[in-house]
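# Observations on the three-dimensional arrangement
One-letter residues, chain by chain:
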Amino acid sequence: MSVYSALRPLLFRLSAESAHHAGMRAGRIGQRLGPITRGLFRPRLSEADRTALRSRVMGLEFECPVGIAAGLDKNAELIPLWNQIGAGFCEVGSVSARPSDGNPKPRAFRLPDDGALINRMGLNNHGAERVARRIGDLRRPKGFPIGINIAKTHDPSILGQAGIDDFVESTRHLLPHGDFVVINVSCPNTAEGKTFEDPEALAPLVRAVATERDRQAALPGRSSVPLLVKLSPPPAVDFDTGPVDELIALSLECGAAGFVATNTASDRQGLQTAPAKLASIGKGGLSGRPVRERSLALVKHLRRRLEGSAPIIGVGGIDSVESAYDRVVSGADLIEIYTGLVFEGPGLVGKIAKGLVKAAQADGFESVAAAVGSRV
Ligand SMILES: Cc1cc2nc3c(=O)[nH]c(=O)nc-3n(C[C@H](O)[C@H](O)[C@H](O)COP(=O)(O)O)c2cc1C
């Protein structure tokens, strides 16, 4: 029995958010006890396994393609911990230009029968300046790319051009500290209830962030940082590809390098949880197992469209070696996990990393990277 499965019944007696804070406190302690945390959670890998896990994506070197999804470490407080448990990278944030407390509590809920969560955190974070300072002060783990996810400040009065300026301000502070930046245009928990996934809103936003990126790249000693756009899950597995194709084309035209697929879903499709419980929870983004097939379908579509010309990070419902490898062979260069960690614990990262090597080798590939997109 793993440490986490022994503790899970106790953690699950707490509300989802209290359990998250307890986990963060334990993580802070664990991070200070680096070698012990490594010993407990990091997978033991042979040199051959390590070689098979390495990949080069967006011009960056990754020791492992398994990363931590946005939302888990919004304020970049546990970057060394993610490295210690065996992840190859993390995406911190979402961070917004202004700090925000987010929505009133309760705002996060577990659906154990579905292996899912519903959250309406509302982009609570310490704000771009403070998070930038924190990452700047950090002794960064070597060979561990840090992605920074940016979103608009949770304030419905910040609209239109002011919304774009808000993203640009975050980019100005945070870009010097990130190896890649993710533009969160698909958060379903915005104060105004709207996302930026509308071509008219998306194009000027990506262009403005890319302009700030290019301005900074021209400064002495700096280089260009890849921008990725984070998309929503499609409404169904066999979705109408027209609207998403428009977003893909516009994003690339306006300066994005690739995509993160996907964010949480605002619908309640395919759930076992009783309707009365869902009604009592109310609004929020659905994550975990119920979004798995739709997120996978979008990764497959992106891969077919892009044919390996732009990086894809696959996220949504990955909670096992099988679901992770499925995402890889469908076209994800890298994968990320959030909800799976809540249900399975931090050992999941190492378990998936080891399992990916085995699965790729069983299919005759020398590395996990060689298996990317092999079954599209
Ligand atoms: C509690 C919670 C908070 C999240 N916060 C963010 C966020 O701030 N920014 C973001 O881009 N995604 C956020 N996400 C979405 C995750 O990054 C991920 O895209 C989604 O949960 C699907 O992956 P999963 O099924 O592995 O959880 C959040 C998810 C959860 C469960």
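Preceding this paragraph is the structure being described.
As a starting point, this report considers the structure included with it. (Residues numbered from 1 in each chain as written. Predicted model: local features only at pLDDT ≥ 70, side-chain atom pairs only at ≥ 80, totals over all residues. Heavy atoms only, no water.)

### Observations concerning the overall build of the protein chain
- Along the protein chain, the regular secondary structure elements total 15 helices and 13 strands.
- Since a compact globule built from 376 residues should have a radius of gyration of about 21 Å, the 19 Å found for the protein chain is in line with a globular shape.
- Summarising its shape, the C-alpha atoms of the protein chain cover approximately 55 × 50 × 45 Å along the three principal directions.
- For the protein chain, the proportion of its 376 residues judged to be buried stands at 57%.
- Intrachain contacts of the protein chain at a sequence separation of at least 6 include 74% that bridge at least 24 residues.
- By element, 52% of the accessible surface of the protein chain is carried by carbon and sulfur atoms, the whole surface being about 16,000 Å².
- Averaging the positions of the 46 positive and the 40 negative side-chain charges in the protein chain gives two centres separated by 8 Å. (Helix = DSSP H or I, 4+ residues; strand = E, 2+ residues; numbered from the N terminus. Rg over C-alpha atoms; globule rule 2.2 N^0.38 Å. Buried < 20%, exposed > 50% of the residue type's maximum accessible area, 1.4 Å probe, protein only. Contact = heavy atoms within 4.5 Å. Areas by Shrake-Rupley, 256 points an atom, 1.4 Å probe, with all protein chains shown as cover. Lys, Arg positive; Asp, Glu negative; His and termini not counted. Charge placed at Lys NZ, Arg CZ, Asp CG, Glu CD.)

### Section: the pairing of strand 10 (residues 258–261)
- Here strand 10 shows no split at all, with Gly258 and Val260 on one side and Phe259 and Ala261 on the other all buried.
- Pairing between strand 9 (residues 227–231) and strand 10: 4 bridges, direction parallel. Residue pairing in the sheet places Lys230 in a bridge with Val260 of strand 10.
- Read from strand 9 through helix 9 (residues 241–253) to strand 10, the crossover connection turns out right-handed.
- Relative to strand 12 (residues 312–315), strand 10 is paired through 3 bridges, and the arrangement is parallel. Among the inter-strand pairings, Phe259 is bridged to a residue of strand 12, identified as Ile312. (Pairing = 2+ DSSP bridges. Right-handed = clockwise from strand over helix to strand, strands pointing away.)

### A few points about helix 6 (residues 128–137)
- Listing the buried residues of helix 6 in full gives Ala128, Val131, Ala132 and Ile135. Down the axis of helix 6, the sector holding all buried residues measures 105 degrees, keeping them to one side. The exposed set on the far side of helix 6, more than 90 degrees from its buried face, consists of Arg133 and Asp137.
- Close packing links the buried residues of helix 6 with helix 5 (79–84), strand 4 (89–95), strand 7 (146–150) and helix 7 (160–174). (Arc of directions from axis to C-beta.)

### Description of the pairing of strand 12
- Side chains of strand 12 alternate between two faces, with Ile312 and Gly314 and Ile313 and Val315 buried alike.
- Where strand 12 meets strand 13 (residues 334–337), 3 bridges bridge the pair, whose relative direction is parallel. Among the inter-strand pairings, Gly314 is bridged to a residue of strand 13, identified as Ile335.

### With respect to the nonpolar core
- Counting 81 residues, the largest nonpolar core has Val66, Ile68, Trp82, Leu302, Ile335, Ile352 and Leu356 as its most contacted members.
- When sequence neighbours within four positions are dropped, the list of residues in contact with Ile352 reads Val66, Ile318, Ser320, Val321, Ala324, Ile335 and Ile337.
- One finds Val57, Met58, Leu60 and Val315 within the second-largest nonpolar core, a separate group that totals 13 residues. (Core = buried A, V, L, I, M, F, W, Y, C linked by side-chain atoms within 4.5 Å.)

### Regarding the sheet that holds strand 3 (residues 66–68)
- Strand order around the closed barrel formed by 8 strands is 3-4-7-8-9-10-12-13, with parallel pairing between neighbours. Strand-to-strand twist across the sheet, computed as the mean angle between neighbouring axes with direction ignored, equals 25 degrees.
- Along the sheet face, helix 7 touches strand 4, strand 7 and strand 8 (180–184) and points at about 160 degrees away from the line of strand 7. (Axes fitted to C-alpha atoms, helices over the stretch in contact; angles between N-to-C directions.)

### With respect to the environment of Ile164
- As for its placement among the helices and strands, Ile164 is situated in helix 7.
- It is 5.5 Å that separates the C-alpha atoms of Ile164 and Leu205, two residues lying 41 residues apart in sequence.
- In this view, Ile164 contacts Pro204, Leu205 and Ala208; residues no more than four positions away in its chain are not counted.

### Looking at unusual backbone geometry
- Omega for the peptide link from Lys105 to Pro106 comes to 0 degrees, which places this bond in the cis form.
- Examined against the element boundaries, Pro106 turns out to sit in the loop between strand 4 and strand 5 (108–111).
- Backbone torsion omega between Ala261 and Thr262 reads 15 degrees, so that peptide bond is classified as cis.
- The residue Thr262 is located in the loop between strand 10 and helix 10 (275–281) in this model.

### A few points about helix 2 (residues 16–32)
- For helix 2, spanning 17 residues, the distance from its first C-alpha to its last is 25 Å, which sits close to the expected 24 Å at 1.5 Å a residue.
- Considered for burial, the residues of helix 2 that qualify are Ala16, Glu17, Ala19, Ala22, Met24, Gly27, Gly30 and Gln31.
- Buried residues along helix 2 sit against helix 1 (3–11), helix 3 (34–41), helix 5 and strand 5. (Expected span 1.5 Å × (residues − 1).)

### A closer look at the sheet that holds strand 6 (residues 116–119)
- Across the sheet, which stays open at both edges, the 3 strands sit in the order 5-6-11 with antiparallel pairing between neighbours. This sheet does not close on itself; its edge strands, each paired only once, are strand 5 and strand 11 (285–288). Averaged over neighbouring strand pairs, the angle between their axes works out to 25 degrees when direction is ignored.
- Sheet topology places strand 6 next to strand 11; 4 bridges connect them, and they run antiparallel. What sits directly across from Ile118, in strand 11, is Leu286.

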